[in-house]
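What the coordinates show
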Amino acid sequence: MLAIHKKDKVVVLAGKSRGKQGEVVQVLRDTGRVLISKVNFVKRHSKPTQTTPGGIREKEASIHVSNVMLVCPKCSKPMRPKVDFLSDGTKVRTCRKCGEMLVS
């Protein structure tokens, strides 16, 4: 069970975007990377085509999952989730500090 899911709020721990918070847009499980909204912008040069003009455009690049940490929605602190089991046997992620359950 991967600790980070889509629509989770995360904080970046390393790199040029260290300290920034954002929402996970996409989880790339095969490479172990996540795409976060409005974090880790890179510039890409594109040639002009018949439909789009050329130029330099900025887009978000993925960050390795080890360089981000979940933020608890209740206590607003970075945390490592703990996996608990409900009475019906389903797995849920909970905050180790305040005990709040994270919904996926």
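Residue positions are given per chain, counted from 1 along the sequence in the order it is written. Restriction of local features to residues with pLDDT of at least 70 applies here, the model being predicted, together with a cutoff of 80 or more for giving and counting side-chain atom pairs; totals for whole chains, interfaces and linings are based on all residues. Working from all heavy atoms in the structure, the side-chain values ignore hydrogens and water.

Quick word on the overall build of the protein chain
A count of helices and strands for the protein chain gives zero helices and 11 strands. Listing every helix and strand of the protein chain by position from the N terminus yields β-β-β-β-β-β-β-β-β-β-β. Taking as baseline every contact in the protein chain between residues at least 6 positions apart, the subset at least 24 positions apart corresponds to 37%. Using a 1.4 Å probe, accessible areas were evaluated by the Shrake-Rupley method; residue-level cover was limited to the displayed protein chains. Of the roughly 7,300 Å² of accessible surface on the protein chain, 51% is carried by carbon and sulfur atoms. Mean positive and mean negative side-chain charge positions of the protein chain (22 and 8 charges, respectively) differ by 7 Å. Helix and strand definitions here come from DSSP, where helices need a minimum of 4 consecutive H or I residues and strands a minimum of 2 consecutive E residues; each element is numbered from the N-terminal end. Note on contacts: a residue pair is in contact if any heavy atoms of the two residues lie within 4.5 Å. Positive: Lys, Arg. Negative: Asp, Glu. His and the chain ends are not part of the count. Charge positions come from single atoms, namely NZ of Lys, CZ of Arg, CG of Asp or CD of Glu.

What about the sheet that holds strand β1 (residues 9-12)?
Pairing between two strands is assigned when DSSP locates at least 2 bridges connecting them. Judged by pairing direction, the sheet is antiparallel, and its six strands sit side by side in the order β6-β3-β2-β1-β7-β8 without closing on themselves. Since the sheet does not close on itself, it has two edges, and those belong to β6 (63-64) and β8 (78-79), each with one partner. Here β1 pairs with strand β7 (residues 68-71) via three bridges, running antiparallel. Each residue of the ladder has a partner; that of Val11, found in β7, is Met69.

Focus: the pattern of salt bridges
Salt bridge, as used here: a side-chain nitrogen of Lys or Arg that lies within 4 Å of a carboxyl oxygen of Asp or Glu. Per the counting criterion, the structure on display carries one salt bridge. Arg93 serves as the salt-bridge partner of Asp8, at 2.8 Å between the closest nitrogen and oxygen. Placement of the pair is Asp8 in the segment before β1 and Arg93 in strand β10 (residues 91-95), with a sequence separation of 85 residues. By the burial criterion, Asp8 is buried, and Arg93 matches it. Buried residues are those whose accessible area, probed at 1.4 Å on protein chains only, stays under 20% of the maximum for their type, while exposed residues exceed 50% and partly exposed ones sit between those limits.

Description of the side chain of Thr94
Residue placement: Thr94 occurs in strand β10. The definition of a polar contact used here is a pair of N or O atoms within 3.5 Å, where within protein one atom must be able to donate a hydrogen and the other to accept one, and adjacent residues in sequence count solely through side-chain atom pairs. A polar side-chain atom of Thr94 sits 3.1 Å from a polar atom in the side chain of Asp84. Non-local contacts of Thr94, meaning those with residues more than four positions away in its chain, are made with Met79, Arg80, Pro81, Lys82, Asp84, Gly99, Glu100 and Met101.

Focus on the nonpolar core
Generally speaking, a soluble globular protein has its nonpolar side chains buried in company with each other. Put simply, a nonpolar core is a bunch of buried Ala, Val, Leu, Ile, Met, Phe, Trp, Tyr and Cys residues held in one set by side-chain atoms that sit within 4.5 Å of each other. In this structure, Ile4, Val10, Ile36 and Val68 are the most contacted members of the largest nonpolar core, which totals 14 residues. At the level of secondary structure, the elements contributing two or more residues to this core comprise β1, β3 (33-36) and β7. If near-sequence neighbours (up to four positions away) are discounted, Val68 is found in contact with Ile4, Val10, Val11, Val12, Leu13, Val34, Ile36 and Ile63.

Side note on the sheet that holds strand β9 (residues 81-85)
Taken in spatial order, the three strands of this open sheet run β9-β10-β11, and their pairing is antiparallel. Both edges of this open sheet fall to β9 and β11 (101-102), since each of them pairs with a single strand only. Summarising the sheet, β10 and β11 pair through two bridges and their orientation is antiparallel. When the bridges of β11 are listed, Thr94 appears paired with Met101.

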